[in-house]
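Per-entry structural report
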Amino acid sequence: MFRLEDCISFVTNRSAKEMSDELERRLAPYHVTRAQWTTLYYIRINSQISQKKLASLLSIKESSVVRQLDKMEKAGWIKRVTCSTDRRTKCLSLTDTGLQIELEMEEVVSDFKNAVVEDIPEEDLTVFKNVLQKMLDNVID
């Protein structure tokens, strides 16, 4: 008989939701959401990133990214500039405020990551990531 609790998709989805919710709780005192921090992170590590590329990295629709970016630009965290490689495209960069927020939240996120993997051997984490990637490949292919 099929048991949902034995379905790896259910288990990983539930785990991901619980971890996302916990990270939201840890970021809340700083008035930053997980989505905002992730956006700031990807903008910081990718020079000349377009809204389209950012949406792809975040696995969300471009229209959703635009709404989020509008709010972040209004708050003074990011700015849109003309890309040097394609003048028709707007690229994203962090303001000094956005960079400061991202770096401060990176410490919170790093502490969270360390708490999540506490007492799990590195080799187990490597196997887990490899198996999860293979499962993802099976779904996408």
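Scroll up for the structure.
Read on for a plain summary of the structure. (Residues numbered from 1 in each chain as written. Predicted model: local features only at pLDDT ≥ 70, side-chain atom pairs only at ≥ 80, totals over all residues. Heavy atoms only, no water.)

For helix α2 (residues 34-45), spanning 12 residues, the distance from its first C-alpha to its last is 17 Å, which sits close to the expected 16 Å at 1.5 Å a residue. Within the span of α2, buried status applies to Gln36, Trp37, Thr38, Thr39, Leu40 and Ile43. (Helix = DSSP H or I, 4+ residues; strand = E, 2+ residues; numbered from the N terminus. Expected span 1.5 Å × (residues − 1). Buried < 20%, exposed > 50% of the residue type's maximum accessible area, 1.4 Å probe, protein only.)

Take the packing of α2 against helix α3 (residues 51-58) next. Remark: α2 packs on α3, axes separated minimally by 11 Å, with the N-to-C direction vectors making an angle of 125°. With respect to their mutual orientation, α2 and α3 come out oblique. In terms of crossing hand, the pair formed by α2 and α3 is right-handed. Residue-level inspection shows Thr38, Thr39, Tyr42 and Ile43 of α2 in contact with α3, the latter providing Leu54, Leu57 and Leu58. Residue classes in the contact of α2 with α3 are distributed as five nonpolar, two polar and no charged. (Axes fitted to C-alpha atoms, helices over the stretch in contact; angles between N-to-C directions. Parallel < 35°, antiparallel > 145°, perpendicular 65-115°, else oblique. Left-handed = near helix turned anticlockwise from the far one by under 90°. Contact = heavy atoms within 4.5 Å. Nonpolar A, V, L, I, M, F, W, Y, C, P; charged D, E, K, R; others polar.)

Residues Phe2, Leu4, Ile8, Phe10 and Val11 make up a contiguous nonpolar surface patch of about 440 Å² in total accessible area. Assignment of secondary structure puts Leu4 in the segment before α1 (8-27). (Patch = residues over 30% accessible without salt bridge, like charges linked within 9 Å, V, L, I, M, F, W, Y side chains within 5 Å. Areas by Shrake-Rupley, 256 points an atom, 1.4 Å probe, with all protein chains shown as cover. Salt bridge = Lys/Arg side-chain N within 4 Å of Asp/Glu carboxyl O.)

The next thing to look at is unusual backbone geometry. Positive phi values are uncommon outside glycine, yet His31 reaches one of about 60°. The topology assignment puts His31 in the loop between α1 and α2. We classify His31 as exposed; its relative accessible area is 68%.

On inspection of all chains with the given rule, the structure shows nine salt bridges. Measuring nitrogen to oxygen at the nearest pair gives 3.0 Å for the salt bridge that ties Arg25 to Glu22. Here the residue Arg25 and the residue Glu22 both occupy positions in helix α1, the gap between them amounting to three residues, near one helical turn. In this structure, Arg26 engages Glu22 in a salt bridge whose closest nitrogen and oxygen atoms are separated by 3.0 Å. Linking Arg26 with Glu22, this pair stays in helix α1, spanning four residues, or about one helical turn.

It is worth spelling out the packing of aromatic side chains at this point. For the structure on display, the rule yields two aromatic pairs. Taking 5.4 Å as the distance between ring centres and 65° as the angle between the ring planes, the aromatic pair formed by Tyr41 and Tyr42 counts as edge-to-face. Relative accessible area serves as the criterion here: at 27%, Tyr41 is assigned to the partly exposed category. Here the aromatic cluster, defined as three or more aromatic residues joined through ring pairs, consists of Trp37, Tyr41 and Tyr42. (Phe/Tyr/Trp six-rings, centres within 6.5 Å; stacked < 30°, edge-to-face > 60°.)

What follows is about the sheet that holds strand β1 (residues 49-50). In space, the three strands of this open sheet follow the order β1-β3-β2, with antiparallel pairing throughout. For this open sheet the edge positions go to β1 and β2 (78-82), each flanked by a neighbour on one side alone. Of the strand pairs in this sheet, β2 and strand β3 (residues 90-94) are connected by five bridges, and their pairing is antiparallel. In the strand pairing of β3, Lys79 is matched with Ser93. Across the sheet, α2 lies against β1, β2 and β3, angled at about 105° from β3, the strand it touches most. (Pairing = 2+ DSSP bridges.)

Interpretation note: all reported values are geometric properties and have no functional meaning in isolation.
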